[in-house]
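Residue-level structure breakdown
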Number of protein chains: 2
Amino acid sequence: MRTWRRSFSTSIIRYSQSSALGSCNRLRCAELLNVSSEKDKAREFENENVTLKGFIRSVRKQKRFAFAEISDGSTVQSLQAILTPDQAADLSTGAAIEISGIWKACPPGKEQTHELQTTTIQVVGDADPETYPIQKKYHSSDFLRQIPHLRLRTPFNSLLSRFRSECIYQLGQVFRSHPHGGFTQVQPPLITSSDCEGAGETFTLSPESSALPAPGEEVEHFFRSPKYLTVSSQLHLEAYAAELGNVWTLSPTFRAEKSDTPRHLSEFYMLEAEVNFANELSSLLDLVEYLIRDLARRLHDTPVGQEILSAKRSGEPGLDTVDFNEALRRRWDVLLSGPEWPRITYTRAIEMLQDAVTNHGASFTHQPSWSEGLQLEHEKYIVDTLFHGVPVFVTDYPQKVKPFYMAPSPSAEGGATVACFDLLFPEICEVVGGSLREHRLPALIDKMRKYGLIKQRRRHSTQYSATSQQQLDDEGGSEYPYLEPGEDLGHLQWYADLRRWGSAPHGGFGLGFDRLIGYLAGVSSLRDVVPFPRYFKRADC
Amino acid sequence: MRTWRRSFSTSIIRYSQSSALGSCNRLRCAELLNVSSEKDKAREFENENVTLKGFIRSVRKQKRFAFAEISDGSTVQSLQAILTPDQAADLSTGAAIEISGIWKACPPGKEQTHELQTTTIQVVGDADPETYPIQKKYHSSDFLRQIPHLRLRTPFNSLLSRFRSECIYQLGQVFRSHPHGGFTQVQPPLITSSDCEGAGETFTLSPESSALPAPGEEVEHFFRSPKYLTVSSQLHLEAYAAELGNVWTLSPTFRAEKSDTPRHLSEFYMLEAEVNFANELSSLLDLVEYLIRDLARRLHDTPVGQEILSAKRSGEPGLDTVDFNEALRRRWDVLLSGPEWPRITYTRAIEMLQDAVTNHGASFTHQPSWSEGLQLEHEKYIVDTLFHGVPVFVTDYPQKVKPFYMAPSPSAEGGATVACFDLLFPEICEVVGGSLREHRLPALIDKMRKYGLIKQRRRHSTQYSATSQQQLDDEGGSEYPYLEPGEDLGHLQWYADLRRWGSAPHGGFGLGFDRLIGYLAGVSSLRDVVPFPRYFKRADC
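Residues numbered from 1 in each chain as written. Chains lettered and ligands numbered in written order. Predicted model: local features only at pLDDT ≥ 70, side-chain atom pairs only at ≥ 80, totals over all residues. Heavy atoms only, no water.

Going by this rule: UniProt positions are given in the numbering used here, feature names are shortened, and annotations may be inferred rather than shown by experiment.
As recorded by an unreviewed UniProt entry, chain A carries the name asparagine--tRNA ligase and is attributed to Talaromyces atroroseus. Database annotation for chain A, UniProt heading Sequence similarities (unreviewed entry): "Belongs to the class-II aminoacyl-tRNA synthetase family."

Dropping the structure here:
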């Protein structure tokens, strides 16, 4: 550790209180550069002694002076400090420093209004420029992805973390100020018994110390029966909503998908909400549109939102920052003030796609077909071409391409379609999916049977479901309603129970939070949106 | 579904907008009972038509009238509706209803100022009183724990969920308005390579479909190497803090502990924060005390905080609600306005305990001994007896009872103690633990070696660490500093990297969020604090 001291020591500056020296004001770059505050702190501290703790982004050494760009993670902008050659002698990119000086106005015409005339600088952690991977130059996304723990130190990735933080905070405001109020934020469990989507791509859990069982030996489970990492909190949200009315969560979800696309991660955050007493799908669509627009409006009015909209992009070859930011601003404008997002049924969407093939020369790898569902290429065509880049709700998909718990469309004959929707965004396509839930017990049990989710009861079961069944049998003196003899709802009995007593029509949705952040920030790969991404074959750090 | 209709139908009331009928105002119980709002809505809607959607908590049928207690999850209070015997004929506890009526002032002297004179009531989901487990009577915690999905429907558990929601929201305010500002909320990964505490009690992950390997066959890992569920986000927070300065997270953590105590769960939320440029342990203690007190102050000023402080307890035999709530209020007072929390070193604490044994007749199962650490019984004695129920910080524990990453105490000779602390609360004991981190690379590597965390390098490793090592070797042309030949930092190399370039003194802490909620709410078992608790042998629903 090397120290230069001029007029006073920085060592007495304590984190939790102002220094005993009245002349020493610890500030952050965002404050001095007027990024974060409504007050004009740049002027307020003119000619004052100020102290900053941060990092050298770059240093330029000349004969009589040296210039250092200082950053402390509070803004993408760096703050210029002027130093003597002596003070700058051992500075290098990445070094952690504590710096004090006089905050001086620059002559007019300079890029920044003020600069720091250094009185004291102390290197508290140096960085060998020969080995430090983060230099002031363009680093490819591929390169940075290999060092996620250091990637945060690039200006844009640092900004992205602050943007996520702001999104989380503003989400709380959005739900709190919703006109209908009363959205309770909940924290549902991540260790679950069920695979909500029925996709089977879950992670299973075992205690580290558990030995592999010998062939034929029964596994002794930590939780008595196999448990998984949740793929969606929806089922639990329904339990909360049945009492609390409107609930939401921002909760991690997991998929063990062996896919290699920038659109999927194995661990990601999902914003999920559930609304009790929801009779109509359209009310859910209203809610989703309201939430996203309100979030975008709030973010737009924050310093970090403005930074995202004007940030220098990483200097990727061929990328023009001005063009890029103009496109990004147009993307936000659609959310802030664009027209209501169109709503079409799945059936209509297929017709339009087929028409596009027949009459407008569109071509797809997969021919659009009602029974096959929508492929990514179809979604892209719908939102980008048919609706010119405006978000689109597609509703009422065929039951057979959707999970068991969805309620039938009001108009559905024979349960052919369900009261559900996907919200498609330009470029990223599906960002929200939701539905009304089947809230009638007999209809739910019927569906579970069709989906093969009802088991034959085992004689000596040690699982919860059996215990509970036993208990309910003892108390109620009856079999579970609507089941055939010997049938067992297994680990989903609690879910059916929600329909057994006081079940109101309800529905909800899940929004891919990382996808939305990437969309708003103009970052196309989730592997660059999430600081420490986990996906097939990769979980660095 | 049974319907009674009087003056108008409720079926046209839509979730997302006001009804077309101007006279129909959908409200929540908390609004009409003046719990949630500063406005006097009880009076504002006097003699107006109002609509509620909720549940029957109880119904009392008399000859000429019937009285129903209505609840909708917005407050512990229920709202009284008066009905005709016809209207009430099929009502039972738990039924989901939509009810409309005139909001009438009651004559003076009645318990509530207003009641609902029902015009229309519609049962949207009935509840068979013979089988519905939640009745208006005392249910033991043991009983309710067996039906977590329905337990939420008891007034107190419903309140507890709203209290957690308020805690989450107010935490965001606390960090945002902290005088030093700039706390960034982050979402660190839950799938990790390392066991932060070195306790070995982690859950491992595998994709559900992965077959068990044949004996002798190598396991093919989804992420190339074994992965665990995080036991603490600290290591990742340090990476964030190195750039962003001050960071925090409210994030799930997991422990595969086979313990059977109400103080531990296998899945719980931890509030963790990390502060860069923190030189002194005392600054962390200041921060922790500030955060908890500020949170309590803010909660105290909310309707739900007031409800927690005055809620009727569940009617447990022998529990006097008035006494209980008075004790709970005293508990809050210590946080709101009590004296500064005392700070003693671990060494002093051991001396005081030994003195208590020798001179004051205290007796413990485990004799207090400097080298053995503090047992729960010791912590209880310190906070309850020695400090009369005021929270106590115990600092500077022996290195050997703490993890490798802690920095030595400033006064420590030979690294005997580390700059760490536990915050002990009355009754629940440890609620926060934190430390300064060893931020110097050579000292960290030295400690890792002592803790057995440095491996001998394998020739053909496919793990990240080796790839990265290779890459850094290629770029920097040198071996990793301070390692002996053949040594490998393995999956912790990224953590050491944080010290390699621009490392400032820093520290942080983790707070057991569920423990704190339980403490503030007066709920002693975590199994009753968390709606869907997971612990050894239990993960219902």
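Once the structure has been displayed, the description carries forward.
**Notes on the overall build of chain A**
Stated formally: To qualify as a helix, a DSSP run of H or I must reach at least 4 residues; to qualify as a strand, a run of E must reach at least 2; elements of each kind are numbered from the N terminus. Contacts: residue pairs with any heavy atoms within 4.5 Å of one another. Per-residue accessibility takes into account occlusion by the displayed protein chains alone, with areas from the Shrake-Rupley method and a 1.4 Å probe.
Secondary structure assignment for chain A yields 17 helices and 20 strands. Across chain A, contacts joining residues at least 24 apart in sequence account for 71% of those joining residues at least 6 apart. Accessible area of chain A: about 21700 Å², with a carbon and sulfur share of 49%.

**Quick notes on the relation of the copies chain B and chain A**
For clarity, the cut-off: Least-squares superposition aligns the copies on the C-alpha atoms of those residues with pLDDT at or above 70 in both.
Between the two copies, chain B and chain A, the superposition gives an RMSD of 0.0 Å; the rotation angle is 180 degrees and the shift along the axis is 0.0 Å. Overall, the copies show the geometry of a two-fold rotation axis. The rotation axis passes nearest to the C-alpha of L205 of chain B in chain B, at a distance of 2.5 Å. Counting the interface residues of chain B, we find that 100% of their copies in chain A are interface residues as well, pointing to one common contact surface.

**Considering the packing of aromatic side chains**
Counted only if it meets this: The rule is short: rings of Phe, Tyr and Trp, with Trp giving its six-membered ring, pair when the centres are within 6.5 Å, and they are stacked under 30 degrees, edge-to-face over 60, tilted in between. Exposure is judged per residue with a 1.4 Å probe applied to protein chains only, and the accessible area is read against the type maximum: over 50% gives exposed, under 20% gives buried, and values in between give partly exposed.
By the definition in use, this model includes 44 aromatic pairs over all chains. Taking 6.0 Å as the distance between ring centres and 80 degrees as the angle between the ring planes, the aromatic pair formed by F404 of chain A and Y495 of chain A counts as edge-to-face. With F404 of chain A in the loop between β15 (392–395) and β16 (420–425) and Y495 of chain A in helix α15 (residues 493–500), the pair connects residues that are 91 residues apart, well separated along the chain. Residue Y495 of chain A is classed as buried on the basis of its relative accessible area of 0%. Consider the rings of F175 of chain B and W248 of chain B, whose centres lie 4.3 Å apart with planes at 15 degrees: the pair is stacked. Placement of the pair is F175 of chain B in helix α6 (residues 155–176) and W248 of chain B in strand β12 (residues 246–254), with a sequence separation of 73 residues. Overall, the relative accessible area of 4% leaves W248 of chain B in the buried class. Connected via pairs of aromatic rings, a cluster forms that spans Y240, F404, Y405, Y451, W494 and Y495 of chain A together with F532 of chain B.

**Some remarks on the environment of I428 of chain A**
Residues and elements named next belong to chain A. Structurally, the position occupied by I428 is in the loop between β16 and β17 (429–436). I428 gets classed as buried once you look at its relative accessible area, which sits at 16%. For the pair I428 and Y397, spaced 31 residues apart in sequence, the C-alpha separation works out to 20 Å. Ignoring anything within four residues of it in the chain, the contact list for I428 reads R263, R515 and Y519.

**Let's talk about the state of the cysteines**
All names here are of chain B. The test is simple: Note on disulfides: each one is a pair of cysteine sulfur atoms within 2.5 Å.
The tally for this structure, following the rule as stated, stands at zero disulfides over all chains. Free of any disulfide, C106 has its nearest neighbouring cysteine sulfur in C29, separated by 14 Å. We classify C106 as buried; its relative accessible area is 13%.

**Details of the domain arrangement of chain A**
You'll often see interface size given as the accessible area lost when the parts meet. Residues and elements named next belong to chain A. Heads up, the rule is: Domain extents, as shown, originate in an automatic or database domain assignment. Buried area: the accessible area, evaluated with a 1.4 Å probe, that two parts lose upon being put together, summed over both parts. The salt bridge definition used is simple: a Lys or Arg side-chain nitrogen within 4 Å of an Asp or Glu carboxyl oxygen. Here a polar contact is taken to be a pair of N or O atoms separated by no more than 3.5 Å, where protein atoms must pair a possible hydrogen donor with a possible acceptor and residues adjacent in sequence count only if both atoms sit in side chains. Residues are grouped as follows: Ala, Val, Leu, Ile, Met, Phe, Trp, Tyr, Cys and Pro are nonpolar; Asp, Glu, Lys and Arg are charged; all remaining types, including Gly, are polar.
Per the domain assignment, the segments making up chain A are domain 1 (19–137) and domain 2 (156–207 + 221–333 + 447–454 + 489–529). Computed over C-alpha atoms only, the centres of domain 1 and domain 2 are separated by 39 Å. Taken together, the contacts link seven residues of domain 1 with five residues of domain 2. Interface of domain 1 and domain 2: buried area, both sides summed, is about 500 Å²; carbon and sulfur atoms make up 54% of it. Considering only the side of domain 1, the residues that lose the most area to domain 2 are V35, G73 and V76, jointly responsible for 68% of the buried surface there. Taken together, the links from domain 1 to domain 2 amount to zero salt bridges. Where domain 1 meets domain 2, there are four residue pairs in polar contact (both at pLDDT 80 or more). Grouping the amino acids of the side of domain 1 that touches domain 2 by side-chain chemistry returns two nonpolar, five polar and no charged.

**As for the sheet that holds β16 of chain A**
All names here are of chain A. Defined as follows: Two strands pair if DSSP finds at least two bridges between them. Geometry is summarised by axes, namely lines fitted to C-alpha atoms with helices restricted to the contacting stretch, and by angles between N-to-C directions that run from 0 to 180 degrees.
Spatial ordering of the open sheet is given by β8-β12-β13-β20-β17-β16-β15-β14, a layout of eight strands whose pairing is mixed. Edge positions in the open sheet fall to β8 (183–185) and β14 (343–345), since each of these has one partner strand only. Here the strands of the sheet are splayed against their neighbours by 25 degrees on average, with no regard to which way each runs. Bridge analysis of β17 against strand β20 (residues 506–512) gives five bridges, and the strand direction is antiparallel. Looking at β20, one finds that V432 is bridged to L511. Each of β8, β13 (267–276), β14, β15, β16, β17 and β20 is contacted by helix α8 (residues 281–300), which is oriented at about 30 degrees to β16, the strand it contacts most. Its contacts with the sheet place helix α12 (residues 376–386) against β14, β15, β16 and β17, and it is angled at close to 70 degrees to β16.

**Here's the deal with unusual backbone geometry**
A positive phi angle, near 60 degrees, is found at N34 of chain A, a position not held by glycine. Counting through the fold element by element, N34 of chain A comes out in the loop between α1 (29–32) and α2 (41–44). The partly exposed category is assigned to N34 of chain A, whose relative accessible area is 30%. One non-glycine residue, H388 of chain B, lies in the positive phi region at around 55 degrees. On the basis of relative accessibility, which here comes to 67%, the residue H388 of chain B falls in the exposed class.

**Regarding the interface of chain B and chain A**
On the chain A side, the residues contacting the 127 residues of chain B number 128 residues. Across the chain B/chain A interface, buried area totals approximately 10900 Å², and carbon plus sulfur atoms make up 56% of it. Along the contact surface separating chain B from chain A lie four salt bridges. Where E166 of chain A meets R176 of chain B, a salt bridge forms, and the shortest distance between an N and an O atom there is 2.9 Å. The tally of links between chain B and chain A comes to 38 residue pairs in polar contact (both at pLDDT 80 or more). The biggest single contributor to the side of chain B that touches chain A is α6 of chain B, with 12 residues. A class-by-class count of the residues in the side of chain B that touches chain A yields 55 nonpolar, 42 polar and 30 charged.

**Focus on the pairing of strand β13 (residues 267–276) of chain B**
Residues and elements named next belong to chain B. The element β13 is extensively covered by neighbouring structure, given that 10 of its 10 residues are classed as buried. Across the two faces of β13 the burial is the same, with E267, Y269, L271, A273 and V275 and F268, M270, E272, E274 and N276 all buried. Strand direction decides the pairing type here: β12 and β13, joined by nine bridges, are antiparallel. Bridge pairing in β13 links T249 to E272. Sheet analysis places β13 next to strand β20 (residues 506–512), joined by seven bridges and oriented antiparallel. If you follow E274 over to β20, its bridge partner there is G508.

**Some words on empty space enclosed by the protein**
What counts here: Points on a 1 Å grid, built from protein atoms alone, make a cavity when a 1.4 Å probe fits but cannot get out and make a pocket when they are open with protein on both sides within 12 Å along at least 5 of 7 lines; residues with an atom within 4 Å of a point are the lining residues. Grid points are joined across faces, edges and corners, and a volume is the space filled by probe spheres set on the points.
Throughout the structure, instances matching the rule amount to 14 cavities of 30 Å³ or more. In this structure, the largest cavity spans a volume of roughly 100 Å³. In terms of lining, the largest cavity is formed by 13 residues, of which the most central are E267, Y269 and V530 of chain A together with Q187 and P189 of chain B. If one sorts the elements of the lining of the largest cavity by residue count, β13 of chain A sits on top with three residues. Here the lining of the largest cavity is composed, by residue class, of eight nonpolar, one polar and four charged.

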